[in-house]
Structure formats: C-alpha cells, structure tokens
Amino acid sequence: MPAHDSSDTGSTRRGYLKYGSTLLGTSFLAGCTGGDGSGATEEPTTTGESGTDSETGETETESTETDTGYTASIVPAGEVHFDAVPETWTVYNGGWADMAFALGQREGFLTAGNMIPGFFFDPFDIDVPDQDALPSMWSEGGWDKESFYELDPDVFLMDPNYLHGTGWDDSWSKDDTQEIIENVAPFFGNNCRRRREFHDYKLYSLYGAFEQLSHAFQEQERYEAFATLHDEVQSEIASRTPDEQPTIGLVNGGSEPSKGKFFPLNTQDDGYEMKPYRDLNVASAFPQEMEDGGQIDYETLLEVDPEIIVVHWGIGTTGDTDSFSAEAFREQYVTPMEEDSVGQELTAVQEGRVFPGQYGEQGPIVNLLQTEMVAQQLYPDEFGAFDPESFPEVPEENQLFDRGRVKDIIAGDI
C-alpha cells in the first residue's frame, strides 16, 4: 500500500476538521473518555430517546460556536471541531446514514459498509444505491485502508473504536485508526446498534445519537421535528395497544430452519437494533439462559412454543428482487418449518404467525416504518394486518404516521 503524506492538510476547511479530532485522538482511542477529551473514565450508561441521560437526567453538551467554527461532541470521540458543516460523509453502519438522510444530508453520502436496503427509503423519495454499487471499505478479509483515503470524506460517522475494537481484522490497530483521523478526517459516532465487547462506555439511544449528529451538521430544527413526530407515534401506539400483550420468539436471520438450527435473541437488548420491540414492550418467549446459550433445535423451540415467531433481519430478504420478497422469505424460513415433523407442531406455524422481523440497521426514518410494521404484526385487529406482499407500501388507513410530513422534514420544510 503506498505511503500517504501526512503533511498534506488540504483546504483550510479540511484542516480544521482534522485538527479538532487529532487533538483528542490519543485519549478517545483508549475507549472511555469524557466529553471534553480529558481521558476521564465514564461509567457505562444509556441515554433515553430524548437524548437526555436516563440515569442522571443531564442533557448532552450541544454544539459550541468558536471564532473559527464550532464544535460538536459525542462519546467516545469527545469534542470535534468543524470550521464548516461537513459536505461529504461516510458510514459503516446504515443506521447512521439514515440519521444523516433525516437531517437533509443525502447529497454528501459516499458509502456504507452495512447499508439499509434502498427500498426502505422509497416511500420517502430518497434514492439509495444498492450495497453492491457502493465503494467498499473492506477487501480480502480486512479493512481496506486505501479506500479510506480514496473516499476522502469530511467526516466518518463511525465510532473511532469500531475498526480495531470489533476484532474482525487482527491486522488493524489503534494506530491505523489514528492515521486515518490525522490524514483523512475525524470520526464522529458511537457503536449504538448493539453493545459489543469493546464497548464499555456510553451507548446512546437512537435519538440520543441522532441529536448529537444534528449538532455536527447544524440541523437541530430537523432533529426536533423528527423527535416530535417520533413521540407522537409512540403516544398513538401506547394509547391503542391492548392490555394483553403477546410474547414472541425472536430468532436471528442466520437461523436455518431447513437444518433445524435456530438462534434465540432477546427483544429487550440495548441498542437501536431492538428499539421497536422495546418501544412496544414486547417480551421475549425465550428464557435468558436459552438466549445466552446460542443454537437451539426444533424440539427446544417446541418446548417454548412461542405465539409468534419473528425472524430478525427477515424483512431484508429480497431473493432475486430489489425489494422484500414474501416468496423468498417463505421459501427460506416458513416452508421448512411446515415440512418438518416437529416444526409443523409449532403454534406460530399452524396459525400463520411466522413473520419477517425488522432490519437491525435503522435510523429515525426506517425506525418509524418498522415500528409501524411490528405493531401491525403483533396487533392486526388494532393497527391493521401486516401485508408482506406490499411492504414497504401500507394502506393509508393503516399508516401510523404521515409519509408526506417525513418528506417535508427531510426537505427542510418544517
């Protein structure tokens, strides 16, 4: 891989973007820093959906203007200095792309390593390329450092500990991450889809992270508009949810019913990945020890016999299409259960209640759509039946939020 001249700072604007993050690089790469980059250890905590710390009630630091621009902060990156709003940006996890889209930043999107399929954004008239059409940040079993230089964004919307913290690439170290910060662009993000082993600091809620990102892009009005809409949808669902709530057997999309292999998940886990289930207070049918134990078989699944079986990430099953394919989902997950001598005894199979679960990557836009979907799967009498053949289109009478209002907020018509 060719060497890169770290003395080439580019434009003044890019210089400021790098300068603020480089000052903090050494401390935040250690894993647990305060918002001021001092290196003070922070106890693990989560934030409520408003962006306020649910344990202390204290609100995160907002952006601060300086003589040469402004700063925005997020754990673990600390304060990052911007002399102008970032024009281009890169993510690895699609939830952060969704957040940026919601803030009106679609034009600056360069790539994502784990992008949300484009059909989720069709109802909102946002054009998103297929994953295969996006530049890759991963090559030959490891992070492709050259691609980070070639992308050359103004900011990486990623947790700075993610690249070396996941352990996916043993050859990538903290020094490699620091090199990217110093020579390309700062990192501004938090590993908040789920808590991973390296993540021993604050894990933001979806709207907690979204609020911090709004400061980085100076788009607080759009954030506030989405937060208001989110709260209205949550209140509407809560007011109509029946007192008697079902438990569900949530299994990972990597489950293989044709081989009798299932991987139980906890509907109440931290992170935006499980947000719709937590928001609807959906209990898991599986005991904790079963969720912790990994793989189970048909016999064990029948012992639990969930009222509803949901395949996590299942709504991303596209088959040979460019949208959700009910036929492909049924062929991969439902038919093998129906044809298995034990599987066909499952209540959920007999009653036709094996559903494609929400996509694990989601920001404020897709979360609205998926929360509506989960409500319809669990409570069809109240919210209208989920129609797998038409998703993501939903009959207007069953919509829990106004698609036009979402489009207006994204466009800045607030």
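Residues numbered from 1 in each chain as written. Predicted model: local features only at pLDDT ≥ 70, side-chain atom pairs only at ≥ 80, totals over all residues. Heavy atoms only, no water.

Brief notes about the packing of aromatic side chains
In step 1: If you walk through the whole model with that rule in mind, you get 30 aromatic pairs.
In step 2: Ring geometry for Trp 89 against Phe 109: centres 5.2 Å apart, planes inclined by 45°, an arrangement best described as tilted. Here the residue Trp 89 occupies a position in strand S4 (residues 89-91), and Phe 109 occupies one in the loop between helix H2 (94-102) and strand S5 (138-139), the gap between them amounting to 20 residues.
In step 3: Overall, Trp 89 belongs to the buried group, its relative accessible area being 0%. (Phe/Tyr/Trp six-rings, centres within 6.5 Å; stacked < 30°, edge-to-face > 60°. Helix = DSSP H or I, 4+ residues; strand = E, 2+ residues; numbered from the N terminus. Buried < 20%, exposed > 50% of the residue type's maximum accessible area, 1.4 Å probe, protein only.)

Overview of the pairing of strand S2 (residues 69-74)
In step 1: With respect to burial, S2 is a largely interior element, six of its six residues being buried.
In step 2: Between S2 and strand S3 (residues 78-82), which follow one another and run antiparallel, lie three residues. (Pairing = 2+ DSSP bridges.)

Some words on the pairing of strand S10 (residues 308-311)
In step 1: Residues Ile 308 and Val 310 line one face of S10 and the alternating positions Ile 309 and Val 311 line the opposite face, and both faces are buried.
In step 2: In this structure, strand S8 (residues 247-251) lies alongside S10, joined through four bridges in parallel fashion. Looking at the pairing, Ile 248 lines up with Ile 308 of S10.
In step 3: Strand direction decides the pairing type here: S10 and strand S11 (residues 354-356), joined by three bridges, are parallel. The residue bridging Val 311 from the neighbouring strand is Pro 356, located in S11.

What to know about helix H6 (residues 206-216)
In step 1: Here H6 lies mainly inside the structure; 11 of its 11 residues are buried.
In step 2: Every buried residue belonging to H6 is among Leu 206, Tyr 207, Gly 208, Ala 209, Phe 210, Glu 211, Gln 212, Leu 213, Ser 214, His 215 and Ala 216, and all of these are buried.

So, unusual backbone geometry
In step 1: Look at the link from Val 75 to Pro 76: it is a cis peptide, with omega at 10°.
In step 2: Following the sequence through the fold, Pro 76 ends up in the loop between S2 and S3.
In step 3: In the segment running from Phe 391 into Pro 392, the intervening peptide bond is cis, with an omega of 15°.
In step 4: Structurally, the position occupied by Pro 392 is in the loop between helix H14 (380-383) and helix H15 (403-411).
In step 5: Of note in the backbone geometry, Glu 140 takes a positive phi value of approximately 50° without being a glycine.
In step 6: The topology assignment puts Glu 140 in the loop between S5 and strand S6 (142-143).
In step 7: Despite not being glycine, Asp 152 has its phi angle at roughly 50°, a positive value.
In step 8: Here Asp 152 shows up in the loop between helix H3 (145-151) and strand S7 (155-157).
In step 9: Of the residues examined, Asp 152 reaches a relative accessible area of 37% and is grouped as partly exposed.

Observations regarding the packing of helix H7 (residues 220-240) against H15
In step 1: Direction vectors running N to C along H7 and H15 enclose 160°, while the axes themselves pass 9 Å from each other. Comparing the axis directions of H7 and H15 gives the class roughly antiparallel. H7 and H15 meet at a crossing whose hand is left-handed. Contacts from Arg 222, Ala 225, Phe 226, Thr 228, Leu 229 and Glu 232 of H7 reach H15 at Arg 405, Val 406, Ile 409, Ile 410 and Ala 411.
In step 2: Across the contact of H7 with H15, the residue classes tally to seven nonpolar, one polar and three charged. (Axes fitted to C-alpha atoms, helices over the stretch in contact; angles between N-to-C directions. Parallel < 35°, antiparallel > 145°, perpendicular 65-115°, else oblique. Left-handed = near helix turned anticlockwise from the far one by under 90°. Contact = heavy atoms within 4.5 Å. Nonpolar A, V, L, I, M, F, W, Y, C, P; charged D, E, K, R; others polar.)

Quick notes on the pattern of salt bridges
In step 1: If you walk through the whole model with that rule in mind, you get 14 salt bridges.
In step 2: Of the charged contacts in the structure, one is a salt bridge between Lys 145 and Glu 179, with a shortest N-O distance of 2.8 Å. Linking Lys 145 in helix H3 with Glu 179 in helix H5 (residues 174-183), this pair joins segments that are 34 residues apart in sequence.
In step 3: Residue Arg 194 is joined to Glu 273 by a salt bridge in which the shortest nitrogen-to-oxygen separation is 2.8 Å. Residue Arg 194 is located in the loop between H5 and H6, and its partner Glu 273 is located in the loop between S8 and helix H8 (275-279); the two are separated by 79 residues in the primary sequence.
In step 4: Judged by its relative accessible area of 4%, Glu 273 is buried. (Salt bridge = Lys/Arg side-chain N within 4 Å of Asp/Glu carboxyl O.)

Topic: the sheet that holds S8
In step 1: Across the sheet, four strands lie side by side as S9-S8-S10-S11; this open sheet has parallel pairing. The sheet is open, and its two borders are formed by strand S9 (283-284) and S11, each paired with just one other strand.
In step 2: Running at roughly 160° to S11, helix H11 (residues 326-339) makes contact with S10 and S11 of the sheet.

Notes on the packing of H6 against H7
In step 1: The geometry of H6 relative to H7 is characterised by a closest axis approach of 8 Å and an angle of 160° between their N-to-C directions. As far as their axial angle goes, H7 and H6 are roughly antiparallel. Here the hand of the crossing between H6 and H7 comes out right-handed. For the pair formed by H6 and H7, the contact residues are Tyr 207, Phe 210, Glu 211, Ser 214 and His 215 on the first element and Gln 220, Tyr 223, Phe 226, Ala 227 and His 230 on the second.

The values reported here are purely geometric and, on their own, carry no functional implication.
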